[in-house]
Structures are given as structure tokens and as C-alpha cells.
Amino acid sequence: MMEYVQRELPYVRSYVLRSVYGMLRQEGIAFGEEAPGKIIAECRADGTDVSLSITAEEKAFGTELTISLRRPCDGMSKQKVA
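Presented here is a report on the structure given in the accompanying data block. What you see is a predicted model, and the numbers here were worked out from it, not measured in a lab.

**Some details on the nonpolar core**
In terms of nonpolar packing, the biggest core is built from ten residues, these being Val-16, Leu-17, Val-20, Tyr-21, Leu-24, Ile-39, Ala-41, Ile-54, Ala-56 and Leu-65. Where this core is concerned, the elements lending two or more residues are α1 (13-27), β3 (38-45) and β4 (48-59). By residue number, the principal contributor to this core is α1, which donates five residues. In this structure Leu-65 touches Val-5, Gln-6, Arg-7, Leu-9, Val-16, Val-20, Ile-54, Thr-55 and Ala-56, once residues within four positions along its chain are discounted.

Structure follows, in C-alpha cells:
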């Protein structure tokens, strides 16, 4: 089962993506763009390798941001995942 969090933000997609890229750079997290608006990020959290998929989809009233775990992370507790 894939773990994810999804939020609707009252901002245009380009602002949301710019903020996500800035945060990833600031935290020193390796990332790449799989497709326009779909970011793949790799990092280490609590001794566990984490792979995230981050997507930003424009909606009628803003942007829907979804962050998903790409593969199971057995070492992370449910509280830290959600």
C-alpha cells in the first residue's frame, strides 16, 4: 500500500513547484524531474533511504500537491510517514 499526503493549495502551480524545488535544495535532498510537474526525490531519514514522488496538478481553484512514498520504507514508523 502506498502512503501519501495530498493537499489543495490556493496558489498557481508554478509558485508551488518553485517552493518545492527551493525546499528540496535548502535541505540538500537529491531530486530530478520525471515529467513536467512530477519530481522524484531521494533522501535518508532516520537511517532509512526514502524515495518520494511529488506532483503538482493545477485545479480550478489552485494546485493539488501530492507527496507519495515510491517504495516501502520498513524502517519508518507510521507516525513519521503520515
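Next, the rest of the story.
**Regarding the pairing of strand β2 (residues 30-35)**
Note that β2 and β3 share five bridges and pair antiparallel. Opposite Ala-30, over in β3, you have Glu-42 as the bridge partner. Between the antiparallel neighbours β2 and β3 lie two residues, among them Gly-37 with a positive phi of about 85 degrees.

**Here's the deal with a nonpolar patch on the surface**
Together, Tyr-11, Val-12 and Tyr-15 give the surface a local cluster of nonpolar side chains, amounting to about 330 Å² of exposed area. Positionally, Tyr-15 belongs in helix α1.

**Brief notes about α1**
In this model α1 runs 21 Å from its N-terminal to its C-terminal C-alpha over 15 residues, within 8% of the 21 Å that 1.5 Å per residue would give. Within α1, the full set of buried residues consists of Val-16, Leu-17, Val-20, Tyr-21 and Leu-24. The buried residues of α1 occupy an angular sector of 130 degrees when projected down its axis, which confines them to one face. The exposed residues of α1 that point more than 90 degrees off its buried face are Arg-18, Ser-19, Arg-25 and Gln-26. Those residues of α1 that are buried are in contact with β1 (4-9), β2, β3, β4 and β5 (62-69). Gly-28 lies just past α1 and shows a positive phi near 70 degrees.

Calculation criteria
- Residues numbered from 1 in each chain as written.
- Predicted model: local features only at pLDDT ≥ 70, side-chain atom pairs only at ≥ 80, totals over all residues.
- Heavy atoms only, no water.
- Core = buried A, V, L, I, M, F, W, Y, C linked by side-chain atoms within 4.5 Å.
- Buried < 20%, exposed > 50% of the residue type's maximum accessible area, 1.4 Å probe, protein only.
- Helix = DSSP H or I, 4+ residues; strand = E, 2+ residues; numbered from the N terminus.
- Contact = heavy atoms within 4.5 Å.
- Pairing = 2+ DSSP bridges.
- Patch = residues over 30% accessible without salt bridge, like charges linked within 9 Å, V, L, I, M, F, W, Y side chains within 5 Å.
- Areas by Shrake-Rupley, 256 points an atom, 1.4 Å probe, with all protein chains shown as cover.
- Salt bridge = Lys/Arg side-chain N within 4 Å of Asp/Glu carboxyl O.
- Expected span 1.5 Å × (residues − 1).
- Arc of directions from axis to C-beta.

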